[in-house]
Amino acid sequence: MYNWNDLKYFLELSRRGKLVEAARRLHVDHTTVSRRITALEESLNARLFDKSPRGYQLTDAGLRLLPLAEQMEAQSTSLYQSISGKDASFSGTVRLAVPEAVGINVIAPAMDTFRQKYPDIELELVAETRQTSLSKREADIAMTLARPTSGRLVAWKVSDYRLRLYGAPSYLANHPPIKTGEDLSGHDFIGYIDDLIQMPELRFMEELFRNPHIVFRSTNVMAQYRAALKGVGLAMVHCFMVGQDTGLQPILPKKIFVERQYWLMVHEDLRKVTRVDAVCGFLTDLFRAKQSLMLGSDA
C-alpha cells in the first residue's frame with residue numbers, strides 16, 4: 001500500500017515540472033521530493049515521470065493517477081473546511097493558458113485586483129497562440145476561440161470580441177485614401193503566417209480581402225500590432241488592444257470587422273477544486289465587465 005502523503009509530492013512535481021521548484025513550494029529539500037516520488041513509484045509498481053532537459057513530465061501512468069490524486073486533494077480540503085470551519089482552499093498554483101493578445105492586454109492588467117482578492121493563489125499565465133491540452137495537464141484552465149467538441153471538459157463562453165482593420169496615420173498619409181472596400185486594392189497588409197496557424201478562427205484575411213498584398217507576417221499579434229503602429233501596413237487588430245490609442249485609426253469600421261468568441265474551459269476533474277473555481281469566477285466576471293472594450297467603443 002502506498003503512503004497517502006506521497007501524493008502531495010506527486011501533485012506538486014506534476015504542476016511544477018522541476019524538483020527544486022516543487023521542493024520550494026513544499027518547504028522541503030529537493031532530495032526529499034525525489035525520495036518520496038521514488039517510494040510512490042515503487043509502491044505502485046509504475047513509472048510516473050519521465051525526466052528530460054525540460055524537467056519532469058508525466059508518463060501515461062502518471063496521467064492516469066493525476067485526476068485521482070486531484071480528487072483526493074479536493075476532498076481533503078473540503079473535509080478540513082467542514083470540520084475546522086476555516087477556508088484553506090484559496091491557495092496554491094493555477095496555470096492559465098490563453099491567447100497572447102487577451103493575456104497581455106486584458107488579463108495581466110487585472111492582476112492587481114486578483115491579488116487583492118486572492119493573495120495566496122499564484123497564477124501562472126501562459127500567453128501564446130498554440131493550443132494547450134488540458135487532458136495532458138499542460139494547464140489547469142484554458143481559454144480558446146471555440147467550444148471544445150471532445151474530451152472531459154467543462155466550457156462556457158465568457159466574451160465576444162471584435163477585430164477591425166487599422167492603419168497608422170503615417171501609413172495613411174502616404175498611401176491613396178480608402179473610402180470603399182475597393183480602395184484597398186494595392187494597399188499593404190500585415191497578417192499571420194498561413195502554414196503556422198493552428199486555430200481556424202484566425203484565418204480571416206481570406207474572408208475579408210481578395211488577394212491582399214501582405215508585406216509582413218508573424219505568429220505574434222504584438223509583433224503585428226507594433227508593425228502596424230510603425231506604418232508597415234494595414235492590420236486586423238483586436239479592438240481591446242487598440243482601446244483609446246490614437247496611434248492607429250480604424251478603416252471602414254462599420255464594414256470591415258470580424259467577430260469571434262472566447263471560451264473558458266477546465267477539465268471536469270478540476271472544476272470543483274476551489275482555487276481553480278476562484279480563478280474561473282474571476283475571469284468570467286472580468287470579461288463580462290469589459291464587453292464594450294472587447295467589442296469596440298461602439299458596442
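Bear in mind the structure is a predicted one, so any value in this text is a computation, not a measurement.

## Here we look at the packing of helix α5 (residues 100-107) against helix α11 (residues 274-289)
And then number 1: Interhelical geometry of α5 versus α11 gives an angle of 80° and a closest axis separation of 12 Å. As the angle between them shows, α5 and α11 are arranged roughly perpendicular. Residues V102, V106 and I107 of α5 touch α11, and the partners they reach there are L283, L286 and F287.
And then number 2: Among the residues forming the contact of α5 with α11, the class breakdown is six nonpolar, no polar and no charged.

## Some points on the packing of aromatic side chains
And then number 1: Overall, the coordinates contain 10 aromatic pairs when judged by the stated rule.
And then number 2: Note on F10 and F49: the rings are 5.6 Å apart at their centroids and 55° apart in plane angle, and the pair reads as tilted. Placement of the pair is F10 in helix α1 (residues 6-16) and F49 in strand β1 (residues 49-52), with a sequence separation of 39 residues.
And then number 3: Assessed through its relative accessible area of 0%, F10 is described here as buried.

## Some thoughts on the environment of T219
And then number 1: Relative to the elements of secondary structure, T219 occurs in the loop between β8 (213-217) and α9 (221-229).
And then number 2: Note on T219: relative accessible area 36%, which makes it partly exposed.
And then number 3: Taking the C-alpha atoms as reference points, T219 and G191, 28 residues apart in sequence, are found 8.3 Å from one another.

What counts and what doesn't
Residues numbered from 1 in each chain as written. Predicted model: local features only at pLDDT ≥ 70, side-chain atom pairs only at ≥ 80, totals over all residues. Heavy atoms only, no water. Axes fitted to C-alpha atoms, helices over the stretch in contact; angles between N-to-C directions. Helix = DSSP H or I, 4+ residues; strand = E, 2+ residues; numbered from the N terminus. Parallel < 35°, antiparallel > 145°, perpendicular 65-115°, else oblique. Contact = heavy atoms within 4.5 Å. Nonpolar A, V, L, I, M, F, W, Y, C, P; charged D, E, K, R; others polar. Phe/Tyr/Trp six-rings, centres within 6.5 Å; stacked < 30°, edge-to-face > 60°. Buried < 20%, exposed > 50% of the residue type's maximum accessible area, 1.4 Å probe, protein only.

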